[in-house]
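Examining the three-dimensional arrangement
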Amino acid sequence: QRLKAAVHYTVGCLCQEVAEDKDVEFSKQSIAAISEITFRQCGCFLILCRHAKRTTVNTEDVKLLARRSNSLLKYITQKSEELASSNMEQKEKKRKKPSAAKGERTPGEQEAAVTENEDSNMA
């Protein structure tokens, strides 16, 4: 029941945002209907995951259920690709930051430091 209430609340918030953007209104009955459909669709996701012997719903599951609507499938695929590329960029940024933050040197800096050490040892 708490999960169903959370879905209803979230759908209500989303409907309110859309209403403000598009200058339309949603009745309480339409919000309730959208909430019920959303909740049932989530149940379909869970059934699909159980069938595949998994516990996590992934983007491929969502695409599989959305395949009947070409426009929805296209939208989900586009958003999925955008998120994937955004995640890759964030991972690359995280990889670059720790090495600089730890005071580690780049390969070129390491080579210069070795050359300086060798020069000082010769003197």
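Just so it is clear, the model here is predicted, and its values are computed rather than measured.

Here we come to the overall build of the protein chain. Looking only at helices and strands, one finds five helices and zero strands in the protein chain. Within the span of the protein chain, comprising 123 residues, buried residues form 12% of the whole. Considering only contacts within the protein chain whose residues lie at least 6 apart along the sequence, 24% involve residues at least 24 apart. Surface summary for the protein chain: the accessible area is close to 10,800 Å², and the carbon and sulfur share equals 55%.

For residues besides glycine, phi is generally negative; the peptide bonds are generally trans as well. Notably, Asp23 is not glycine yet its phi reads approximately 55 degrees, a positive angle. Within the fold, Asp23 resides in the loop between helix H1 (2-22) and helix H2 (28-51). The phi angle at Lys53 is positive, at roughly 60 degrees, despite the residue not being glycine. Considering the arrangement of structural elements, one finds Lys53 in the loop between H2 and helix H3 (59-66). Take Lys53: its relative accessible area is 76%, and that puts it in the exposed class.

Of the residues in the protein chain, 78% have a pLDDT of 70 or more, and the chain-wide mean is 81. Ranking the elements of the protein chain by mean pLDDT puts helix H5 (residues 107-122) last, at 47, and H1 first, at 94. Low confidence marks residues 112-123, where pLDDT is under 50. Its contacts with residues over four positions away, or in another chain, come to one contact.

Applying the stated criterion to the full structure yields five salt bridges. For Glu36, the salt bridge is made with Lys4, and the minimal N-O distance between the two is 3.3 Å. In this pair, Glu36 is assigned in helix H2 and Lys4 in helix H1, connecting sequence segments 32 residues apart. Classification of Glu36 by relative accessible area gives partly exposed; the value is 25%. Close ionic contact of Lys79 with Glu82 constitutes a salt bridge, the shortest N to O distance being 3.5 Å.

Calculation rules
- Residues numbered from 1 in each chain as written.
- Predicted model: local features only at pLDDT ≥ 70, side-chain atom pairs only at ≥ 80, totals over all residues.
- Heavy atoms only, no water.
- Helix = DSSP H or I, 4+ residues; strand = E, 2+ residues; numbered from the N terminus.
- Buried < 20%, exposed > 50% of the residue type's maximum accessible area, 1.4 Å probe, protein only.
- Contact = heavy atoms within 4.5 Å.
- Areas by Shrake-Rupley, 256 points an atom, 1.4 Å probe, with all protein chains shown as cover.
- pLDDT = per-residue confidence, 0-100.
- Salt bridge = Lys/Arg side-chain N within 4 Å of Asp/Glu carboxyl O.

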